[in-house]
Amino acid sequence: MHIVKCSTRNHRRNAEIVSIHELVLGCHLMAKCGRTIDKSLSTHNVLDKAEQFFLNPYIHVDTFSQIK
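Cut-offs used in this document
- Residues numbered from 1 in each chain as written.
- Predicted model: local features only at pLDDT ≥ 70, side-chain atom pairs only at ≥ 80, totals over all residues.
- Heavy atoms only, no water.
- Buried < 20%, exposed > 50% of the residue type's maximum accessible area, 1.4 Å probe, protein only.
- Helix = DSSP H or I, 4+ residues; strand = E, 2+ residues; numbered from the N terminus.
- Pairing = 2+ DSSP bridges.
- Axes fitted to C-alpha atoms, helices over the stretch in contact; angles between N-to-C directions.
- Contact = heavy atoms within 4.5 Å.
- Salt bridge = Lys/Arg side-chain N within 4 Å of Asp/Glu carboxyl O.

A. Up close: the pairing of strand 5 (residues 52-55). The side-chain alternation of strand 5 yields one buried face, formed by Phe-53 and Leu-55, and one unburied face, formed by Gln-52 and Phe-54. Strand direction decides the pairing type here: strand 1 (residues 2-5) and strand 5, joined by four bridges, are antiparallel. By the bridge assignment, Val-4 is partnered in strand 5 with Phe-53. Examined bridge by bridge, strand 4 (residues 29-31) and strand 5 share three bridges and lie antiparallel to one another. Among the inter-strand pairings, Ala-31 is bridged to a residue of strand 5, identified as Phe-53.

Next up, the structure:
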């Protein structure tokens, strides 16, 4: 699986607003954890708390065919 990290500039998160018309496909991300899972992670805060994510290309056939 591929690993995805937050974009940073000068050690701060870098973000950009993207038009809905520019989106091509959604993706399935899973927080990358060590030997233990942080029990404070939830669907509401995982994007803010986790530093790295696994990109799951097997969740949908279109995603799998575009990410080889």
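B. Inspection of the sheet that holds strand 5 at higher detail. In spatial order, the strands read 1-5-4; together these three strands make up an open sheet with antiparallel pairing. In this open sheet, the two strands that pair with only one neighbour each are strand 1 and strand 4. Pairwise comparison of adjacent strand axes, ignoring direction, gives a mean angle of 40° for this sheet.

C. Seen up close, the environment of Leu-47. Along the chain, Leu-47 turns up in helix 1 (residues 46-49). Overall, the relative accessible area of 53% leaves Leu-47 in the exposed class. For the pair Leu-47 and Met-30, spaced 17 residues apart in the sequence, the C-alpha separation amounts to 9.7 Å. Excluding its chain neighbours within four sequence positions, the residues that come into contact with Leu-47 are Arg-13 and Phe-53.

D. The arrangement of the pattern of salt bridges in detail. Enumeration over the complete set of coordinates arrives at one salt bridge. For Arg-13, the salt bridge is made with Asp-48, and the minimal N-O distance between the two is 3.9 Å. Here Arg-13, found in strand 3 (residues 12-13), pairs with Asp-48, found in helix 1; they are 35 residues apart in sequence, far enough to count as distant. By relative accessible area, which is 47% here, Arg-13 ends up partly exposed. For Asp-48, a relative accessible area of 57% gives the class exposed.

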